[in-house]
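Commentary on secondary and tertiary structure
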Amino acid sequence: MEEKEQQGTADATEVSFEKRRLAQETKNERQVWYFLAYFLFGLHIIAFVMIYAVRHGH
């Protein structure tokens, strides 16, 4: 009977670890998308500034 309790505890620990891993993976993936969005937005800002500079330069 004691062996069965240990098995249940091990399963619960494994499930808990898996949930934490999935949550961390989701968080990391969201951070990657935010980084990509900010990076692309920054590139557009730089491009618009350069276009403005070329068109208005003398």
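Everything below is about the structure printed above this text.
This section reports on the structure supplied with the text.

The rules behind these values
- Residues numbered from 1 in each chain as written.
- Predicted model: local features only at pLDDT ≥ 70, side-chain atom pairs only at ≥ 80, totals over all residues.
- Heavy atoms only, no water.
- Helix = DSSP H or I, 4+ residues; strand = E, 2+ residues; numbered from the N terminus.
- Buried < 20%, exposed > 50% of the residue type's maximum accessible area, 1.4 Å probe, protein only.
- Areas by Shrake-Rupley, 256 points an atom, 1.4 Å probe, with all protein chains shown as cover.
- Phe/Tyr/Trp six-rings, centres within 6.5 Å; stacked < 30°, edge-to-face > 60°.
- Salt bridge = Lys/Arg side-chain N within 4 Å of Asp/Glu carboxyl O.
- Patch = residues over 30% accessible without salt bridge, like charges linked within 9 Å, V, L, I, M, F, W, Y side chains within 5 Å.

The subject of this paragraph is the overall build of the chain. A count of helices and strands for the chain gives one helix and zero strands. The proportion of buried residues among the 58 residues of the chain is 0%. Carbon together with sulfur atoms contributes 66% to the accessible area of the chain, which is approximately 6,000 Å² in total.

The next subject is the packing of aromatic side chains. In this structure the tally under the stated criterion is one aromatic pair. On the numbers, 6.3 Å between centres and 15° between planes, the contact of Phe35 with Phe39 is stacked. Of the two residues, Phe35 and Phe39 both sit in helix α1 (residues 2-56), four residues apart, roughly one turn of that helix. Residue classification places Phe35 among the exposed positions, given a relative accessible area of 60%.

Applying the stated criterion across every chain, the model contains two salt bridges. The salt bridge partner of Glu18 is Arg21, with a shortest N-O separation of 2.9 Å. Of the two residues, Glu18 and Arg21 are both situated in helix α1; the distance of three residues between them amounts to about one turn of the helix. A residue is classified by how much of its surface remains accessible, and Glu18, at 35% relative accessible area, is partly exposed. In this structure Arg21 comes out as partly exposed when scored by relative accessible area, which is 36%.

Moving on to a nonpolar patch on the surface. Together, Trp33, Phe35, Leu36, Phe39, Leu40 and Leu43 make up a nonpolar patch on the protein surface, roughly 650 Å² of accessible area in all. Mapped onto the elements, Leu40 comes out in helix α1. According to the relative accessible area criterion, Leu40 is partly exposed, its value standing at 40%.

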